[in-house]
Every structure is written in structure tokens, then in C-alpha cells.
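# Breakdown of the fold
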Amino acid sequence: MLAQFILVSKLIGVILRKALFQLRWNLHRIIHKHTYKKGDKNIVVIGASFAGYHTARCLANSLPTGYRVVVIEKNSHFQLTWVLPRFSVVAGHENKAFIPYSPYIKAPDGACVWVHDSVAAIEPQEGTGRVQILSGEWIDYEYLVIATGCTAELPSRVNWNSKEEGMIALQGQQSRFDCANDIVVIGGGAAGVELATDLKSYYPDKNVTLIHSHSMLLGNGFGAKIHDVVQKEMQRLGVDLVLGERPAIPDELTGDLVLKDRTIHYDCLVKCIGQKPNTDFCRFLDSSSFTPSGHLRVQETLQVHDEKHWNVYAAGDVINESIKNGRSAMEQGQAVAENILRSLQGRSLMKYRQQWWEGLTKVTLGLGKSVVYMNDGQTEMTMTMKGQKTELDSAAVWKHLGASPYRDEMYT
Ligand SMILES: Cc1cc2nc3c(=O)[nH]c(=O)nc-3n(C[C@H](O)[C@H](O)[C@H](O)COP(=O)(O)OP(=O)(O)OC[C@H]3O[C@@H](n4cnc5c(N)ncnc54)[C@H](O)[C@@H]3O)c2cc1C
């Protein structure tokens, strides 16, 4: 009990420090707005999700005169990942996962330029470099930020660039589930747990099986306490949970999965495994800059591991940090922006170290129920919550990103 009290007190301390930081930042932003004059020296940010969008916002509101941020993003809208399992199951909310870009940046005129395209190649030069986009155009950079995250299938990522295509993909998933009777979800990370529990609470009469290769659900950064809560809730809902199995996954849309002690039939199979970091265009980096999984190794300053490229930074799910979530991606984005600024000013760079509170997580456990988890390395704590809306916190995220829920037409 005392340990939990200490943990909550530590969290309150973090929240107060963050509020103070925000206050100072707002003041700084007002001063910057009145002193900044636009220029054409580029700090290029590739990818505008949690890591890149936040990096761009921090930079565009603090860069010295003469510099500007160029954001290169292939998606038409910010794609909100954590509503994807829910909106893959429940119809009528798909539009809420696609948040219009731009109002979050709030920068002075000319401080931020958007390029809607994919980066195909990077060509570093002595102390500078250039980026090629799919249209063939080259864009010069003084500093480069790689924030390209990961690719996966629904319900972990949308995998389509436009809002319209993304909404159709979500509707396609809903129809697949609606027509199926025996649904198998592979992978017991956040996406798999949220999808399986949503499916079973929305369709109690369908058979839903979750197969996970490890003995504990959710994986890195999570402990035994949250595993127990999730497992109990799955039992209550009637999800068939299979732990410690890695069956061969057939290509057929319908068929049988052979487990150690039984065979299960499926007419719908969803893979919630195998997120792949987007680093195909990073071939200019030394091979030691990549982990075996393809994530980018970074220094404590968030510069890439390859010291020849001191002006290239990386943040978010694309890098090799143990906690992978939106909060942590934004913390890293902020640290990258701070270090680019320090580098421009000739000051020494700060070191980023992942903090326990960056791992604070909420996992949904079917419609109207979720569990919040935190762990400071000494104490684990879970808190079960009831009564959330079907759309989860979509509206709050729209507002946080400066957009009016759900009025996309205001920004196009
Ligand atoms: C089901 C699920 C639930 C989750 N729940 C939570 C939660 O409750 N809280 C939380 O904080 N986190 C949660 N997460 C984790 C969170 O979504 C990720 O950690 C976060 O999205 C990482 O952000 P990112 O900016 O690093 O990368 P990503 O979100 O992967 O985004 C990368 C961006 O880069 C762009 N891009 C990629 N390649 C290129 C290219 N070549 N050219 C141009 N643009 C490119 C992409 O279009 C995309 O916009 C959840 C994840 C999943 C899957």
C-alpha cells in the first residue's frame, strides 16, 4: 500500500513538472513568434506521427532565424493507432482515427513546410545532405530527423496513405469479423489483447482464440500484475487463451491451426505480430547502426549510432528503446529538437534516458473496460476502469493535436 502511495506521488510530481515545462514553453513560443524571421536552411523531419509531429512542433517554435522545418509525411492524416483494434470491430467511428494535420504545429509564418510524399533515398554530404522523395524531387538538409516508426497490418497500423482508403480498410475488417464464426488472433501484445477482448465482448457468440508465443501477455515493459488482470478478464469474457505456442501460420483464409495438444478451426485469422521498422531508405548508415530486428541504434543524444552522420537524429518506434509508445516517442522528439537547437548554438548536447513514467499504459479489455498500468522498476500497479466511450479518447487526442473533433473539413 505504502509502495503504491509512493508510486502515485512520484507520478503527481512528474505531472507537475510537465505542467511547469509547458508553461515555460508557451512563454518561449510567444517570444519566438515575434523574433523569428523565415529562411531556407532546412531541418528535415521524416514521418509525422507521435515522434516526428512533436519534433516538428518543438523545432518550428524555437529554431533561429534563417532555419525552417520541412516535414515529409506520406499519410494525408495523422493516424491514431490505439483506436484501430476497436474501430476494426465496431462500425461507425472510422473517421475518428484520421486527424487532420497542421493545427498542432502553431508556428510562425514560414517556420514549417509540409511535403506530402514518401522518402525514397537519403544522400549525405559533408556536414549536410539531401533527401529524395518519390516524386523524384531532392530536398536539402542541414539536420535530418528519422521518425518513420513501424509498418504492420491492421489493427496495429493502417497501411494506407489516405483517410478514404484507411476507412475502407477498417470497414473491410469489420465485415470480415461480422461474417466469421471462429476467429483466431495471433500475438498477445497490446494490439492482439485489445482486438481479442473487443471481438469477444462485441460478438459474445463467436469463438475467439488468442495465441501468444510467450507465457506472459503484452511483452517488454509489462509485468506479472497486468498479465494476471488481462488473463482473468479474458476468462470472464470467454476468450480462448493459448500461451507459449508458436504454430505455423497457414496462407489459407480458412482452415486449421495445429497446436501442441489440439487443432483449432478458423474462418478468420488476424496477425497482430511482426511490426517492421521503416528503415529501407537508411542504407547510407553503417550496418552496425541497425539491430537484428532492423531498428536504428542511437547514441544517448539520439544521434544515429554511425558517428560520421552527427547531424542525423532518430526518435520513436524506429529506434532501439525498450518502451515503445506515443508518450515515449514524443519525449524523444522533444529531446531531438532540443539537441538540434543546442548543436546550432554550439552548446553541448543533452542525454536522453528513458524514464519509468514513459511506460504508463492503458490497455482496453473489451467494450467499456480497460486497465491502466505503471511500473517504476520497484512497484507495479494496475487500475481497472469502467465506462469508457466506444470511440475511446479519440476526441481528446483530436483536441490535443489542435483539431476540432471530428470536423475534418475545417482543415482541408
Ligand atoms: C494497438 C495499439 C495500441 C497502442 N496503444 C497505445 C497507447 O494507449 N498509448 C501510447 O502512448 N501508445 C500506444 N501504442 C504505441 C504507439 O502507437 C506507437 O508507439 C507510436 O505510434 C509510435 O510513433 P512513431 O511516431 O514513432 O511512429 P509511427 O506511429 O509508426 O509513425 C511513423 C510515421 O512515419 C511515416 N513514414 C514512414 N515511412 C515514411 C517515409 N518513407 N516517408 C514519409 N513518411 C514515412 C508514417 O506514415 C507515419 O506517419 C499503441 C500501438 C498499437 C499498435
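Remember, predicted model here, so these are calculated numbers, not experimental data.

From N to C terminus, the protein includes eight helices and 21 strands. The globule rule puts the C-alpha radius of gyration for 412 residues at 22 Å, and the 22 Å found for the protein is close to it. Seen through its C-alpha atoms, the protein measures out along the principal axes to roughly 65 × 55 × 45 Å. Within the protein, the proportion of its 412 residues that are buried is 42%. Considering only residue pairs separated by 6 or more positions, the protein has 66% of its internal contacts joining residues 24 or more positions apart.

Now for the domain arrangement of the protein. For the protein, the assigned domains are domain 1 (1–32) and domain 2 (33–154 + 275–358). Measuring from the centre of the C-alpha atoms in domain 1 to the corresponding centre in domain 2 gives 24 Å. Partitioned by chemical class, the residues of the side of domain 1 that touches domain 2 number four nonpolar, two polar and one charged.

Moving on to the sheet that holds strand β5 (residues 112–116). Spatially, β5-β2-β1-β9-β18 is the arrangement adopted by the five strands of the open sheet, whose pairing is parallel. Edge positions in the sheet fall to β5 and β18 (312–314), since each has one partner strand and no second. Each adjacent strand pair in this sheet contributes to an overall mean axis angle of 20 degrees, direction not counted. Two elements, strand β2 (residues 67–73) and β5, share five bridges in a ladder whose sense is parallel. Bridge pairing in β5 links Val69 to Cys112. Helix α7 (residues 326–344) contacts β1 (41–46), β9 (143–146) and β18 of the sheet and is inclined by roughly 160 degrees relative to β18.

This brings us to the nonpolar core. Among the nonpolar cores identified, the biggest contains 69 residues, and Ile43, Ala56, Val69, Ile146, Ala314 and Ala315 are the most heavily contacted of them. Per-element tally for this core: the top contributor is helix α2 (residues 50–60), with seven residues. Of all hydrophobic cores here, the second largest spans 35 residues; its members include Val184, Val193, Val239 and Leu269.

Quick look at the site of the ligand now. The local shell around the ligand holds 38 residues, among which Gly47, Ser49, Gly149, Gly316 and Gly326 are the closest. Going through the elements one at a time, α2, β2, α3 (84–89), α5 (190–202), α7 and β19 (361–364) are the ones with two or more residues in the shell around the ligand. In the shell around the ligand, the residues fall into 17 nonpolar, 14 polar and seven charged.

Cut-offs applied
Residues numbered from 1 in each chain as written. Predicted model: local features only at pLDDT ≥ 70, side-chain atom pairs only at ≥ 80, totals over all residues. Helix = DSSP H or I, 4+ residues; strand = E, 2+ residues; numbered from the N terminus. Rg over C-alpha atoms; globule rule 2.2 N^0.38 Å. Buried ≥ 20, exposed ≤ 12 C-beta atoms within 10 Å, placed from the backbone. Contact = placed C-beta atoms within 7 Å. Domains from an automatic or database assignment. Nonpolar A, V, L, I, M, F, W, Y, C, P; charged D, E, K, R; others polar. Pairing = 2+ DSSP bridges. Axes fitted to C-alpha atoms, helices over the stretch in contact; angles between N-to-C directions. Core = buried A, V, L, I, M, F, W, Y, C linked by C-beta atoms within 7 Å. Near = placed C-beta within 6 Å.

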